Amino acid sequence: MTVFDDGYPGVTKLDPDLLRVVREAATDAAGDGVKFYVNSGWRSAELQNQLLREAVAEYGSEEEAARWVATADTSPHVSGDAIDIGQDNATTWLSEHGAEYGLCQIYGNEPWHYELRPEAVDDGCPAMYADPTHDPRMRQ
């Protein structure tokens, strides 16, 4: 699905400001021949918990899984404040132009994960966390 797919809750339940900005960036990126696909946007708490259980099974521990998947209580996907963009050309485009829209990559290990940071338009994106375990928001 794309960021314009209004039939998908993962898109329509995103924070309205994030959705507006992502759609603006996607429109501009299309002019460069780049299409934004949504690998994941808003997620229900149930889905987030399922993803966490699967990550624990895959990585062998809660500590290692936390490098990739947050709890439902802390995930910005559950609150609609994060979007995972697919395809390398789209994430490359966003790494070069995202700050112009306030879209910032948050984690060094997740080049697909973007969140809205409006101050980035003027100040650039903040330094990335190595992974979610370094993000103070994940320690609630």
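Scope of this entry: the structure provided in the associated data block. It should be emphasised that the depicted structure is a prediction, and the values quoted were computed from it without experimental measurement. (Residues numbered from 1 in each chain as written. Predicted model: local features only at pLDDT ≥ 70, side-chain atom pairs only at ≥ 80, totals over all residues. Heavy atoms only, no water.)

## A closer look at the overall build of the chain
Scanning the chain from terminus to terminus reveals six helices and four strands. In sequence order, the secondary structure elements of the chain are arranged as α-α-β-α-α-β-α-β-β-α. A compact globule built from 140 residues would reach a C-alpha radius of gyration of about 14 Å, and the chain, at 15 Å, matches this within 12%. When its C-alpha atoms are laid out on the principal axes, the chain stretches across 45 × 35 × 25 Å. (Helix = DSSP H or I, 4+ residues; strand = E, 2+ residues; numbered from the N terminus. Rg over C-alpha atoms; globule rule 2.2 N^0.38 Å.)

## Quick word on the pairing of strand β4 (residues 113-116)
Burial along β4 is two-sided: the face carrying His113 and Glu115 and the face carrying Tyr114 and Leu116 are both buried. In terms of strand pairing, strand β2 (residues 82-86) meets β4 through three bridges, oriented antiparallel. Opposite Asp84, over in β4, you have His113 as the bridge partner. Direction of pairing for strand β3 (residues 103-105) relative to β4: antiparallel, over a ladder of three bridges. Opposite Cys104, over in β4, you have Glu115 as the bridge partner. (Buried < 20%, exposed > 50% of the residue type's maximum accessible area, 1.4 Å probe, protein only. Pairing = 2+ DSSP bridges.)

## Quick notes on the packing of aromatic side chains
In this structure the tally under the stated criterion is four aromatic pairs. When the centroid spacing of 5.9 Å and the interplanar angle of 40° are considered together, the rings of Trp93 and Tyr101 count as tilted. Judged by its relative accessible area of 7%, Trp93 falls in the buried class. Tyr101 gets classed as buried once you look at its relative accessible area, which sits at 11%. Chaining the aromatic ring pairs together yields one cluster made of Phe36, Trp93 and Tyr101. Between Lys13 and the ring centre of Trp42, over which it is positioned, the NZ or CZ distance is 4.4 Å. (Phe/Tyr/Trp six-rings, centres within 6.5 Å; stacked < 30°, edge-to-face > 60°. Lys NZ or Arg CZ within 6 Å of the ring centre and 35° of its normal.)

## Description of the state of the cysteines
What the rule picks out here adds up to one disulfide. The disulfide partner of Cys104 is Cys125, and the gap between their sulfur atoms is 2.1 Å. On the S-S bond that ties Cys104 to Cys125, the torsion sits near -85°, and the link is left-handed. Highlighted residues: Cys104 in strand β3 and Cys125 in the segment after α6 (120-123), separated in sequence by 21 residues. (Disulfide = S-S within 2.5 Å.)

## So, the sheet that holds β3
Overall, antiparallel pairing links the four strands, which are arranged β1-β2-β4-β3 in an open sheet. Edge strands, defined here as strands with exactly one partner in the open sheet, are β1 (37-40) and β3. Averaged over neighbouring strand pairs, the angle between their axes works out to 45° when direction is ignored. Sheet contacts for helix α2 (residues 16-30): β2, β3 and β4; angle to β3, the most-contacted strand, approximately 90°. Docked against the sheet, helix α5 (residues 88-97) engages β2, β3 and β4, running at close to 125° with respect to β2. (Axes fitted to C-alpha atoms, helices over the stretch in contact; angles between N-to-C directions. Contact = heavy atoms within 4.5 Å.)

## Topic: a negative patch on the surface
Residues Glu24, Asp28, Asp32 and Glu100 make up a contiguous surface patch of negative charge. Considering the arrangement of structural elements, one finds Asp32 in the loop between α2 and β1. (Patch = residues over 30% accessible without salt bridge, like charges linked within 9 Å, V, L, I, M, F, W, Y side chains within 5 Å. Areas by Shrake-Rupley, 256 points an atom, 1.4 Å probe, with all protein chains shown as cover. Salt bridge = Lys/Arg side-chain N within 4 Å of Asp/Glu carboxyl O. Lys, Arg positive; Asp, Glu negative; His and termini not counted. Charge placed at Lys NZ, Arg CZ, Asp CG, Glu CD.)

## Here we look at the nonpolar core
Residues Val3, Phe36, Ile83, Trp93 and Leu103 are the most contacted members of the largest nonpolar core, which totals 22 residues. Of all the elements in the fold, those that place two or more residues in this core are α2, β2, α5 and β4. In terms of residue count, α2 provides more of this core than any other element does, seven residues in total. In this structure, Phe36 is in contact with Met1, Thr2, Val3, Val22, Ala25, Ala26, Ala29, Ile85, Ala90, Trp93 and Leu94, ignoring residues within four places of it in sequence. If you look at the next biggest cluster of nonpolar residues, it comprises six residues, including Ala70, Cys104, Ile106 and Tyr107. (Core = buried A, V, L, I, M, F, W, Y, C linked by side-chain atoms within 4.5 Å.)

Remember that the coordinates give geometry; whether it matters functionally is a separate question.
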